[in-house]
Amino acid sequence: MAENKPFCIPKWVALAAWAKVHDNHGAAGVDRVSIEAFEKKLENNLYRIWNRMSSGTYFPPPVLRVMIPKADGRERPLGIPTVGDRVAQMVVKMYLEPLVEPLFHSDSYGYRPKKSALDAVGTCRKRCWRYNWVVDLDIKGFFDNIDHSLMMHAVRKHTDCPWVLLYIERWLKAPAEAEDGTLIARDRGTPQGGVISPLLANIFLHHVFDAWISREHPDCPFERYADDVVIHCSSKEQALAVKASVEARLRRCKLEAHPDKTRTVYCRDSNRPEDHDDIQFDFLSYSFRPREAKNQRNGKLFTSFLPAISDKAKKAIVAEVRRWRIHRMSRRELHELARMFNPIIRGWIHYYGQYYPTALRRIFAGLNRRLIGWARRKYKRLRTKPRQATHWLRHLARQDMSLFAHWKIGIVP
């Protein structure tokens, strides 16, 4: 019975935590137990986790470290906990999140209920019109370098629950296991990929950055999504001073602003025509820079500082479409291709089409060319006639614009 255990954790919490983990899907950890395999012995597995957590004898297994390629050619480590450990982390998250969520800053957007990356991009867009300068802040290796003692100090500001503190500390210290089976000890950081890690990151940066900058630089609004931060300033002098101040603050908290990626940026437009070395920054896969816009009242063109899909995101989408090898799928019908790929295409349009959607035209024009290549392979009469294949696909698009998600927004062959 729960009342005979050192820690009172209701059994229903473990079941509710499992439901959330199940809905989030995810890969197996070091024990190679998948969601499906865990579910086959669900009652026993959940009882074991609840029993050990309630007894104080739950020790997290190592996280499986997988190296993920980055856009710059380097790799970043992703830590994958076991399914059972994800359930245990979710139990703690379900207790802790309601305590801290009401206290978080309104301009903290990452991994929070009812907030999204697009909300952050939209707010940033509006503020770039009102403020002349931006500090584009990049925290070097944030998730890998969080100081454990400072992290626990931040958590203790919000709870004194002994089992929550006990297990968070154990998760912070749990080793990682490389793909070759080597154990890697951790004396700092929280692994990206853990259920509890995003919440811990928000708690840490709430104290290290959000509350601090609101107190020390109240006239400089910001948007933060996890460790991705944009700070708005009225002048170049203020931007340089804020940049230096933030860098010093991070050093005191045993973190470092990336020396090459942390910059001051001038939000140049028709009303701010001066030149500066940096007039562009990336935020949440959007590039903010001067772009041509049309005045809705008089139709005249002018320069505005606007977000659109970033070059990195464009390259990633182009590479993904290339991997589909659509031109090799000549055994499939067009409606089958639409059913296969529309969910992904719709996701891209939903996110990157929110601001300056015309930037998507070149990307989806490339997808149309691959569909033309498919048609030429599938139909002998079109094999040597690319122009006729284009006309054929264009005719189909005009007959049914809803077949492909990008046709529906007017990007047709």
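Cut-offs used in this document
Each residue is numbered by its place in its chain's sequence as written, counting from 1. Local features in this predicted model are restricted to residues whose pLDDT is 70 or higher, and side-chain atom pairs enter the listing and the counts only when it is 80 or higher, whereas totals over whole chains, interfaces and linings include all residues. By convention in this description, side-chain values take in all heavy atoms of the structure and omit both hydrogens and water. We count a stretch as a helix when DSSP gives it H or I for four or more residues in a row; a strand needs E for two or more, and each element gets its number in order from the N terminus. Whether a residue is buried, partly exposed or exposed follows from its accessible area with a 1.4 Å probe, protein chains only, as a fraction of its type maximum: under 20%, in between, or over 50%, in that order. Contacts are assigned to residue pairs that have any heavy atoms within 4.5 Å of one another. We get accessible surface area from the Shrake-Rupley algorithm with a probe of 1.4 Å; when it comes to residues, only the shown protein chains can shield them. In this scheme, strands are said to pair when DSSP sees at least two bridges between them. Axis geometry follows a simple rule: fit a line to the C-alpha atoms, using only the stretch in contact for helices, then measure angles between N-to-C directions, giving values from 0 to 180 degrees. For Phe, Tyr and Trp, where Trp contributes only its six-membered ring, two rings pair if their centres lie within 6.5 Å, and the inter-plane angle classes them as stacked under 30 degrees, edge-to-face over 60, or tilted in between. Charge-over-ring contacts are defined here by two conditions on Lys NZ or Arg CZ: a distance within 6 Å of the ring centre and an angle within 35 degrees of the ring normal. Take the buried residues of types Ala, Val, Leu, Ile, Met, Phe, Trp, Tyr and Cys, join any two whose side-chain atoms come within 4.5 Å, and each joined set is a nonpolar core. Should an angle fall under 35 degrees it is taken as roughly parallel, and over 145 as roughly antiparallel, whereas 65 to 115 is taken as roughly perpendicular and any remaining angle as oblique. Each crossing gets its handedness from the near helix: less than a right angle anticlockwise from the far helix is left-handed, clockwise is right-handed. Residues are grouped as follows: Ala, Val, Leu, Ile, Met, Phe, Trp, Tyr, Cys and Pro are nonpolar; Asp, Glu, Lys and Arg are charged; every other residue, Gly included, is polar.

(A) Region of interest: the overall build of the protein chain. For the protein chain, the helix and strand inventory stands at 15 helices and 11 strands. Seen through its C-alpha atoms, the protein chain measures out along the principal axes to roughly 75 × 60 × 40 Å. Counting across all 413 residues of the protein chain, residues that qualify as buried make up 48%. Across the protein chain, every contact between residues at least 6 apart in sequence was considered, and the portion connecting residues at least 24 apart equals 67%. With an accessible surface of roughly 21400 Å², the protein chain has 50% of that area assigned to carbon and sulfur atoms.

(B) Molecular detail of the sheet that holds strand S9 (residues 281-283). Here we have three strands laid out as an open sheet, ordered S9-S10-S11, and antiparallel in their pairing. The sheet terminates laterally at S9 and strand S11 (301-309), the two strands that pair on one side only. Taking each pair of neighbouring strands and ignoring which way they run, the sheet shows an average axis angle of 50°. As defined by bridge partners, strand S10 (residues 286-294) adjoins S11 across nine bridges and the pair is classed as antiparallel. Bridging from a neighbouring strand, Pro-290 pairs with Phe-305 of S11.

(C) Region of the structure containing the packing of aromatic side chains. Scanning the model with the defined rule gives 22 aromatic pairs in all. With 5.0 Å between their ring centres and 40° between their planes, Trp-133 and Tyr-266 make a pair best called tilted. Here Trp-133 is found in strand S3 (residues 133-138), whereas its partner Tyr-266 is found in strand S8 (residues 263-266), with 133 residues between them in sequence. Summarising the burial analysis for this pair, Trp-133 and Tyr-266 share the class buried. An aromatic cluster is defined as three or more aromatic residues linked by ring pairs; in this entry it consists of Tyr-286, Tyr-351, Tyr-352 and Tyr-355. The ring of Tyr-356 carries Arg-291 above its face, with NZ or CZ at 5.4 Å from the centroid. Above the plane of the ring of Tyr-379 lies Arg-381, whose end atom (NZ or CZ) is 5.1 Å from the centre.

(D) Representation of the environment of Ala-365. If you trace the backbone, Ala-365 turns up in helix H13 (residues 361-378). As for Ala-365 and Val-412, which are separated by 47 residues in sequence, their C-alpha atoms are 7.5 Å apart.

(E) Expanded view of the nonpolar core. Counting 68 residues, the largest nonpolar core has Met-53, Trp-163 and Ile-231 as the members making the most contacts within it. When residues in this core are grouped by element, the largest group, 10 residues, is from helix H9 (residues 197-216). Non-local contacts of Met-53, meaning those with residues more than four positions away in its chain, are made with Phe-7, Ile-9, Tyr-58, Ala-88, Val-91, Val-92, Trp-163 and Tyr-167. Counting 56 residues, the second largest nonpolar core, distinct from the first, contains Ala-120, Val-230, Ile-317 and Phe-364.

(F) Inspection of the packing of helix H7 (residues 148-156) against helix H8 (residues 162-173) at higher detail. Where H7 meets H8, the axes come as close as 11 Å, and the angle between the chain directions of the two elements is 155°. Judged by the angle between their axes, H7 and H8 are roughly antiparallel. For H7 against H8, the interelement crossing comes out right-handed. Where H7 approaches H8, its residues His-148, Met-151, Met-152, Val-155 and Arg-156 are matched on the opposing element by Leu-165, Ile-168, Glu-169, Leu-172 and Lys-173. Its residues assigned to classes, the contact of H7 with H8 comprises six nonpolar, one polar and three charged.

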